[in-house]
Amino acid sequence: MTGLVAQGNKVSEGSVSHVLERALEGERISDAEALTLLESRDLVAVGRVAHEIRNRKADPDRITFIIDRNLNYTNICHTDCDFCAFYRSPGDTREGYLLPKPVIFKKIEETIALGGTGLLMQGGHHPDLGIDYYEDLFSSIKARYKIHLHALSPPEVQHIARRSKLTLWQTISRLRDAGLDSIPGGGGEILVDRVRHEIAPKKTKTKEWLDVMRHAHRLGMSTTATMMYGHVETVAERVEHMRRIRDLQDETGGFRAFISWTFQNDGNRLAGKVAREDMPTSFDYLLTQAVSRIYLDNVPHIQSSWVTQGMKIGQVALGFGADDMGSIMIEENVVSAAGTTHRTSTEELVHLIKALGKTPVQRDTLYREVKVWN
Amino acid sequence: MALLERADTLAAIREKLETGERLDFDDGVTLMESDDILALGELADLARRLRGGDDRVYFVQNLYLNQTNVCRVKCKFCAFAVTQKQDDAYTYSGSELVEDAVRQHELTGFTEIHMVGGETPHVGFDYYVDIVRSLHEALPDVHLKLFTASEIHHMTKLSGLSHEEVLRELKAVGLGSLPGGGAEVFADRVRRLVAPGKEHPDFWFRTHDAAHRLGIPTHCTMLYGHVETYEERVDRLRRPEDDRGVAPAARQHRERQGVLDHDGPAACPGGAPFRRERRAGHGRARADLSRRRRAYRDRAENPGARAFRARGRADPGAARHALQRGGAMVRLGRISYVNMAPVFYRLDAEVEEIQGVPTELNRRVLAGELDVAPISSIEYARNADRLRLLPRLCVSSEGAVDSIQLVSRKPLEQVRSVAVTPESATSVVLTKVLLPEASHVPLGEDADAKLLIGDAALKSAFEDPTPHYDLGRLWLERTGLPMVFAVWACPEPLHAGLAELEDALVASVRLARAEPEQLAYEASERYGYPAGFLARYFEKLRYRFGPRERAGLMTFLELAQETGELGEVPELRFVREAVVA
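Cut-off values and rules
Residues numbered from 1 in each chain as written. Chains lettered and ligands numbered in written order. Predicted model: local features only at pLDDT ≥ 70, side-chain atom pairs only at ≥ 80, totals over all residues. Contact = placed C-beta atoms within 7 Å. Helix = DSSP H or I, 4+ residues; strand = E, 2+ residues; numbered from the N terminus. Nonpolar A, V, L, I, M, F, W, Y, C, P; charged D, E, K, R; others polar. Buried ≥ 20, exposed ≤ 12 C-beta atoms within 10 Å, placed from the backbone. Pairing = 2+ DSSP bridges. Right-handed = clockwise from strand over helix to strand, strands pointing away. Axes fitted to C-alpha atoms, helices over the stretch in contact; angles between N-to-C directions. pLDDT = per-residue confidence, 0-100. Expected span 1.5 Å × (residues − 1). Parallel < 35°, antiparallel > 145°, perpendicular 65-115°, else oblique. Left-handed = near helix turned anticlockwise from the far one by under 90°. Core = buried A, V, L, I, M, F, W, Y, C linked by C-beta atoms within 7 Å.

## Let's talk about the interface of chain A and chain B
Reasoning step 1: Taken together, the contacts link 14 residues of chain A with ten residues of chain B.
Reasoning step 2: The element that contributes the greatest number of residues to the side of chain A that touches chain B is helix α4 (residues 43–57) of chain A, accounting for six residues.
Reasoning step 3: Residue composition of the side of chain A that touches chain B, grouped by class: six nonpolar, five polar and three charged.

See below:
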């Protein structure tokens, strides 16, 4: 690894510009070329090209965001991921919870009152919850409220399928009929089984994660894709992850957005597996996000992740290929459990976007304009 | 590559960087206003590399000490200062500082001490000499980077010595360099808002200039993102450069900037990238330069008396535009203040120009001795039945105007009496509107506060450390509107040439706005203020009489009526109805 980087500095100076030239001309860059960019230290050059490409794909004068609520309906989980500080084991009666329906309804009402248009609902893999629970929950939400349900990351969908002995197709189709509108890209981490085995041995493997997304796309649902990096993966494995997203997108066209972030290193076991000098920095974050914009030429939106990077980098990232600032996150439990607590309000997000000289536009989950914040 | 070579607003600046040409004030503002973060980052990195920066990034291992937290200044951003009487007040002796530093040096092996502190009035200059000597004797290999310019200035007060003498004594006992603290943003307006008790920014320059002459390298700093504008930030970056341009030690200064090796070659002093350079195409550029510099030097060396000598000689330009073309010329009044310079900058019209102080012009307009003149807003309102207005011109400011200041040791809400000058009726009424509780007494009599206008206000803001409150800013805070100080009034019956004259006045203002540096230079020649100061002053003034200005004027007149200063709020009547965008 280190050898590659050192060598890269010397010989690939020209090839970084070559790769960027090609990207600017609208050509698709190869895995090797993405690697060249990720291994370069040319943050500004890569960022400028990512920004230019972003300006071609989305309105250069606008930055979008969404007002929605992150609702973690349960923290009971039997998957034991190393990087997770949120879950509690089944049987943990002291700290484990499953939100009752009235509490969920109350949270939805608060969300709507705050101008929210969506609900991002994710939770642990609760051993007692099968498809009946979700069908009932979703249909009762939809019967009461006009809100977009963006819920159940692929590992949860897989968990429900297994628990209820259904195929993925059957599971997703029944959830959709009960009211599920789209599936978040959570649990993507790094879509390389070597890495997944190391950080989340019991969690959905690459093929299964992609299968959930493939089925969802075929059933007419669009989804997002994510990447959590900066832990035990190599830079080449980051590219491999992005290639799998790009390939599936070629096939189905169902990904609306790509969101990547560095793993948060407090309160989880994964932190112990990453050496201090390998901890990801803001530099890695901005470079990786910029490369994702260039490499994922078929994904329409790139979100900056202020939740994990803080408001300052979250804002700066909007100049490195991102066109969306994500959600104001009325409630967020998972990342804050890992020691990262960045909070914001609509006012703050609007201020940060305006300070860049852009127009803040509130969108819904499907990127349709809700309100222009002038 | 294509993207990077694409022509944009920063292309010209990039070219200047590459060819080694200095950036001017406008370039600085262009950079500040750019929203292309990455292009800026790339330019900055280019600038760094052009000055010898490579892949190394420097840092220093130092020990940060504060000799005292007792401070006489009450800066608004400071959470550190206490008074001597407070429980947590401390002032360390030389031996206490040495004990701490030696112990920490054994632990970390730092190579530098960075020590700054409050401006305590409870010690003598010998205290400072003693702590520097003690630290230097205990740790002779450690570089001592000590004291802000404000502290050095404070020591001149304690000792009666000059800045140079203070620095010479400190250097003799071990002072290595000065940190750049206390500079904040230099713009006077900003300083008065964030640090009203601090000495005038010119002392910062005097201190650093004196240090450079003695071979003491310094840093400079900027604290921004509070109340300042982009222009004021650029001004902040530019000013060390202007100052350097006049100091005899200028060249040495530049060479010395590398002395602080941990700063790398890109350290700020002397390397500040902005300089207010005259625009190309004005023939007298070279000859002007020395004059302009002298003006700056006057200000730097003697900010009080000499910088503001108002020469008051006749304007040679006045004769130029007073060409007779036949028929009765318009008799145009001109206030003898510098705020008229943009309006008369390149006035292309046949007029008889009559100069006078505001009260004189008011009288002559009402007597029908002038066909048109700028008169104070309140005087116009009191006589509106006999006057019509030019629809496109006024003198206003949106926020600080500098030349109308309320000077008060007391917080404004406690001011019960104001000494006022009779020179400007509008300013007096504005004071009444803003501070309705306060009674007015003639200037010179004892009062909580005093109202200063024009030259006296500008001078005082430089010389007097008492807090100054800008009435234009107070008005904006109160109403959210611009303050209209004067309007162009014409007595009835109207002269036939007024519409044409107004076009010419507007054209002159427009040209003046397009050539701010030439304007500032010429006004500097005529009125004796430093050109850089005038450039900033003119930026604050507005001459367009638009919808916001009209709303500001009407609001002012309504409030004036409420305080009993105006009988009736008149309807504005114009010479002709102009289309106001």
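Further notes follow.
## Observations concerning the pairing of strand β2 (residues 68–72) of chain A
Successive residues of a regular strand alternate their side chains across the two faces of the sheet.
Residue and element names in this part refer to chain A.
Reasoning step 1: Extensive coverage of β2 is indicated by the burial of four of its five residues.
Reasoning step 2: As paired strands, β2 and strand β3 (residues 118–122) are joined by five bridges and run parallel to one another. When the sheet's bridge partners are listed, R69 is paired in β3 with L119.
Reasoning step 3: Since β2 and β3 lie parallel, the crossover through helix α5 (residues 101–113) that links them has a hand, and here it is right-handed.

## With respect to the sheet that holds strand β10 (residues 439–442) of chain B
Sheets are built from strands that pair by backbone hydrogen bonding, the pairs being arranged parallel or antiparallel.
All names here are of chain B.
Reasoning step 1: Pairing is mixed in the open sheet, where five strands are placed in the order β10-β9-β11-β8-β12. Each of the sheet's edge strands pairs with one partner strand only, and the pair in question is β10 and β12 (468–470). Averaged over all adjacent pairs, the angle separating strand axes in this sheet is 30 degrees, with direction ignored.
Reasoning step 2: Pairing geometry for strand β9 (residues 417–420) and strand β11 (residues 449–453), over two bridges, is parallel. Note that in β11 the partner of V418 across the bridge is A449.
Reasoning step 3: Where helix α19 (residues 471–479) meets the sheet, its contacts fall on β8 (404–408) and β12, and the angle it forms with β12 comes to roughly 55 degrees.

## Structural notes on the confidence of the model for chain A
Reasoning step 1: Averaged over every residue, the pLDDT of chain A is 87; residues scoring 70 or more account for 92%.
Reasoning step 2: Below a pLDDT of 50 lies the segment residues 1–13 of chain A, which in the model reaches eight contacts outside its immediate sequence neighbourhood of four places, other chains included.

## Points about the environment of S327 of chain A
All names here are of chain A.
Reasoning step 1: The residue S327 is located in strand β8 (residues 324–327) in this model.
Reasoning step 2: In this structure, the C-alpha to C-alpha distance between S327 and G116, residues 211 residues apart in sequence, is 9.8 Å.
Reasoning step 3: Ignoring anything within four residues of it in the chain, the contact list for S327 reads F65, I66 and D68.

## Quick look at helix α5 (residues 94–108) of chain B
Note that an α-helix has 3.6 residues per turn; residues three or four places apart therefore point the same way.
Reasoning step 1: Along its 15 residues, α5 of chain B runs 21 Å from first to last C-alpha, staying within 8% of the 21 Å computed at 1.5 Å per residue.
Reasoning step 2: With its phi angle positive at about 65 degrees, G109 of chain B sits one or two positions after the end of α5 of chain B.

## Comments concerning the packing of helix α17 (residues 425–434) of chain B against α19 of chain B
Residues and elements named next belong to chain B.
Reasoning step 1: Direction vectors running N to C along α17 and α19 enclose 45 degrees, while the axes themselves pass 11 Å from each other. In terms of orientation, α17 and α19 fall into the oblique class. Remark: the crossing between α17 and α19 carries left-handed chirality. Only L471, L474, W475 and R478 of α19 make contact with α17, whose side of the interface consists of S427, L430, T431 and L434.
Reasoning step 2: Each residue belonging to the contact of α17 with α19 can be placed in one class, and the counts come to five nonpolar, two polar and one charged.

## What about the nonpolar core?
Reasoning step 1: Ranked by size, the top nonpolar core spans 100 residues in total, and within it V46, F258, V291 and I294 of chain A carry the most contacts.
Reasoning step 2: With seven residues, helix α12 (residues 282–295) of chain A is the single largest residue contributor to this core.
Reasoning step 3: In this structure, V46 of chain A is in contact with L20, L37, S40, L287, A290 and V291 of chain A, ignoring residues within four places of it in sequence.
Reasoning step 4: Among the nonpolar cores identified, the runner-up in size contains 88 residues, and I335, V338, V372 and L566 of chain B belong to it.

## Regarding the environment of L452 of chain B
Reasoning step 1: If you trace the backbone, L452 of chain B turns up in strand β11.
Reasoning step 2: Contact partners of L452 of chain B, with chain neighbours within four places excluded, come to Q405, V407, T421, A457 and S460 of chain B.

## Looking at the sheet that holds strand β13 (residues 483–491) of chain B
All names here are of chain B.
Reasoning step 1: In space, the four strands of this open sheet follow the order β6-β13-β7-β14, with antiparallel pairing throughout. Two strands close off the open sheet at either side, each with one partner strand: β6 (373–376) and β14 (541–544). For this sheet the average axis-to-axis angle between neighbouring strands, irrespective of direction, equals 35 degrees.
Reasoning step 2: Pairing geometry for β6 and β13, over four bridges, is antiparallel. Bridged to A373 within β13 is A489.
Reasoning step 3: Of the strands in this sheet, β7 (387–397), β13 and β14 are in contact with helix α20 (residues 498–514), which crosses β7 at around 10 degrees.

## Regarding helix α21 (residues 516–527) of chain B
Residues and elements named next belong to chain B.
Reasoning step 1: An ideal rise of 1.5 Å per residue puts 16 Å on twelve residues; α21 measures up with 16 Å between its terminal C-alpha atoms.
Reasoning step 2: Taking burial as the measure, the twelve residues of α21 include eleven buried ones, the bulk of the element.
Reasoning step 3: The positive-phi residue at the C-terminal boundary of α21 is G528, with phi of around 85 degrees.

## Brief notes about the confidence of the model for chain B
All names here are of chain B.
Reasoning step 1: Looking at chain B, the pLDDT average stands at 77 and 78% of residues meet or exceed 70.
Reasoning step 2: Within the model, the stretch residues 241–326 combines pLDDT values under 50 with 141 contacts to residues more than four positions away or in other chains.
Reasoning step 3: Across the predicted assembly, pTM comes out at 0.59 and ipTM at 0.70.

## Comments concerning the environment of F574 of chain B
Residue and element names in this part refer to chain B.
Reasoning step 1: With respect to the helices, strands and loops of the structure, F574 is situated in the segment after α23 (547–562).
Reasoning step 2: Separated by 85 residues in the primary sequence, F574 and A489 place their C-alpha atoms 8.9 Å from one another.
Reasoning step 3: Among residues more than four places away in sequence, those in contact with F574 are R388, L389 and P391.

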